[in-house]
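Residues per chain are reported as follows:
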There are 2 protein chains.
Amino acid sequence: MKDPKAPIGVFDSGVGGLTVLKALRHALPREDFLYFGDTARVPYGGKPLPMVRRFAWEIAGFLLRQGVKALVVACNTASSAALPDLAEDLSVPVFGVLEPAAEVARGYGKVGLIGTQATVESGAYGRYVPLAWAKACPLFVPLVEEGLWDDPVALLVARHYLEEAPKDLEALILGCTHYPFLKGTLEKVLPGVKLIDSAEATARKVAEALRQAGLLNPEGQGKVVHYVTGDPESYKALAERLGERVETLYRVSLEEL
Amino acid sequence: MKDPKAPIGVFDSGVGGLTVLKALRHALPREDFLYFGDTARVPYGGKPLPMVRRFAWEIAGFLLRQGVKALVVACNTASSAALPDLAEDLSVPVFGVLEPAAEVARGYGKVGLIGTQATVESGAYGRYVPLAWAKACPLFVPLVEEGLWDDPVALLVARHYLEEAPKDLEALILGCTHYPFLKGTLEKVLPGVKLIDSAEATARKVAEALRQAGLLNPEGQGKVVHYVTGDPESYKALAERLGERVETLYRVSLEEL
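Numbering of residues begins from 1 in every chain and follows the order in which that chain's sequence is written. Following the order in which they are written, the chains are lettered starting with A and the ligands numbered starting with 1. Reporting in this predicted model follows two pLDDT cut-offs: at least 70 for local features of residues, and 80 or more for side-chain atom pairs to be given and counted; totals over whole chains, interfaces and linings ignore these cut-offs and use all residues. As a rule here, side-chain values cover all heavy atoms of the structure and leave hydrogens and water aside.

Peer 1: Sorry, what's going on with the interface of chain A and chain B here?
Peer 2: For interface size, the figure often reported is the accessible area lost on association. Only heavy atoms matter for contacts: two residues are in contact if any of them lie within 4.5 Å across the pair. The interface of chain A with chain B comprises 27 residues on the first partner and 27 residues on the second. Around 2000 Å² of area is buried between chain A and chain B when both sides are counted, 69% of it from carbon and sulfur atoms. Two parts placed together each lose some accessible area; with a 1.4 Å probe, that loss summed over both constitutes the buried area. When the buried surface of chain A facing chain B is broken down by residue, Leu139(A), Glu146(A) and Leu156(A) rank first, second and third, together holding 24% of it. Salt-bridge detection follows one rule: a side-chain nitrogen of Lys or Arg within 4 Å of a carboxyl oxygen of Asp or Glu. Across the chain A-chain B interface, the total number found is 0 salt bridges. Counting of polar contacts relies on pairs of N or O atoms within 3.5 Å, with two restrictions inside protein: one atom must be capable of donating a hydrogen and the other of accepting it, and residues adjacent in sequence are counted only when both atoms are side-chain atoms. For the pair chain A and chain B, the number of links is 4 residue pairs in polar contact (both at pLDDT 80 or more). Put simply, the parts of the chain that give the side of chain A that touches chain B at least two residues each are helix 2 (49–65), helix 7 (140–145) and helix 8 (152–162) of chain A. Think of it this way: any DSSP run of H or I at least four residues long counts as a helix, any run of E at least two long counts as a strand, and we number them from the N terminus. A per-element tally of the side of chain A that touches chain B places helix 8 of chain A first, with 6 residues. Residues belonging to the side of chain A that touches chain B are distributed by class as follows: 16 nonpolar, 5 polar and 6 charged. Side-chain classes follow a simple rule in which Ala, Val, Leu, Ile, Met, Phe, Trp, Tyr, Cys and Pro form the nonpolar group, Asp, Glu, Lys and Arg form the charged group, and the remainder, Gly included, forms the polar group.

Peer 1: Is there a simple way to explain the relation of the copies chain A and chain B in this structure?
Peer 2: When the copies are superposed, the least-squares fit takes in the C-alpha atoms of residues with a pLDDT of at least 70 in both. Here chain A sits on chain B after a turn of 180 degrees about the axis and a move of 0.1 Å along it, with an RMSD of 0.0 Å. Such a combination of rotation and displacement between the chain copies is what one expects of a two-fold axis. The fraction of interface residues of chain A whose copies in chain B are also interface residues reaches 100%, indicating that both copies meet through the same surface.

Peer 1: Mind showing me how you'd approach unusual backbone geometry here?
Peer 2: Negative phi values dominate among residues other than glycine, just as trans dominates among peptide bonds. All names here are of chain B. Of note, the amide linkage connecting Val-42 to Pro-43 takes the cis form, showing an omega dihedral of -5 degrees. Inspection of the secondary structure puts Pro-43 in the loop between strand 2 (33–37) and helix 2 (49–65). In the segment running from Leu-83 into Pro-84, the intervening peptide bond is cis, with an omega of 10 degrees.

Peer 1: Sorry if this is basic, but what is going on with the domain arrangement of chain A here?
Peer 2: Residues and elements named next belong to chain A. Domain borders in the structure are assigned automatically or taken from a domain database. When its domains are assigned, chain A resolves into domain 1 (8–96 + 200–256) and domain 2 (99–198). In this structure, domain 1 and domain 2 have C-alpha centres spaced 22 Å apart. At the interface, 27 residues of domain 1 touch 27 residues of domain 2. Between domain 1 and domain 2 lies a buried interface of about 1900 Å² when both sides are counted; carbon and sulfur atoms form 56% of it. At the boundary of domain 1 and domain 2, one finds 1 salt bridge. With a closest N to O distance of 3.3 Å, Glu-103 and Lys-205 form a salt bridge. In this assembly, domain 1 and domain 2 are joined by 14 residue pairs in polar contact (both at pLDDT 80 or more). Those elements giving two or more residues to the side of domain 1 that touches domain 2 turn out to be helix 1 (18–27), helix 3 (76–82), helix 10 (198–212) and helix 11 (232–241).

And the structure:
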């Protein structure tokens, strides 16, 4: 049994998981977090699933060695590749972002999915919810990282990807943690379609599970320590562009994983 | 002294170097080639230079073990990171893509540079030619890989990046091997500006150097063997979208490097 005062580990290929971290901090203001961004190996979305699975195991091992009490895989590609194995084989609770989003989607009729190539091709969402349509959108991640989510460029790219979506789609799963930044743009292209973002659903699920397991921190202060495998300065600048203030940040070499 | 009948090794982070391979095959139709695309670790453009330098050494080692007689670093980021060291420390002739492009640029007045973040921030082009303006363009690589180089999206993105270019620019170095696909689009945004593509200049330089060194192949057949570190099927599909027919292709795991 882990110490309830231990931090929660959250990881992503890069900065996308910060949307999940934000929702977690909102739902669990008394918890402390370790956030791991694998920025040296980002993006995961075009890589083979067995490789992404290996990365997920390496990072999980690193975070467990830092003493986390639970693990949130805040990346759709890594969740597609490494869950449910990771949850079965580790001694701490492990949460992915697919199941919570899919649970919300089950309340709608015709459901679509947008995500990275690896997430879409893995078919992992199909385990949780029937999909009427799915499309890989490789340009969305770099668009968000360039800060262009409200730019006319994003609108044109979104039209390009979504032009073949069924006219009677009721809901669209944003199957990549970068995509919530594009919500305003996606609403213009698909008016009236419910956009399902896994961040809030995942945060609710984590909060409920920790409460049930008696793992809520009675005295945490909402601290976040960031770890990155790539260049710390680039990470900090990018995270701040996306609205996350980075105060404590360490570089981890791939050899330490 | 290497065997003139040995192949020439060409490498890039992914498919961008195929533009250089094409120019090499045109300039040297009797040579055979090994093309290495490090697709598991692409893109290099946002990674720290010391990491890219390490990748370049690993790949150079692999290609030398396959018996290449010369090495072409067909990637601006890797050339910025690993040259001139690699050329000084290896026993075969090594060619990068910066110096040939810069030599062409020296014939013009005000010269600009577009490239990846790593290439632009390295300042490596500045060693060969004075630059009046430089801009990192992270969206261009994914745009080309999506096959959108002639799309209105590309035009909008190009305007976004180039709007602050000096009005009296005479030449613009395309400092990334993906960018030649965008030539038509870039000409619309910067009419009258000479676009300098390193592929042809590099191929001319390689041909001349091999001739002088007595290393031209008297009986090669223009064969190309491709090696990739990522998913072979994705590579093949992408290479063919960019106009390169892939007949012989091997997957190399990162552990073999």
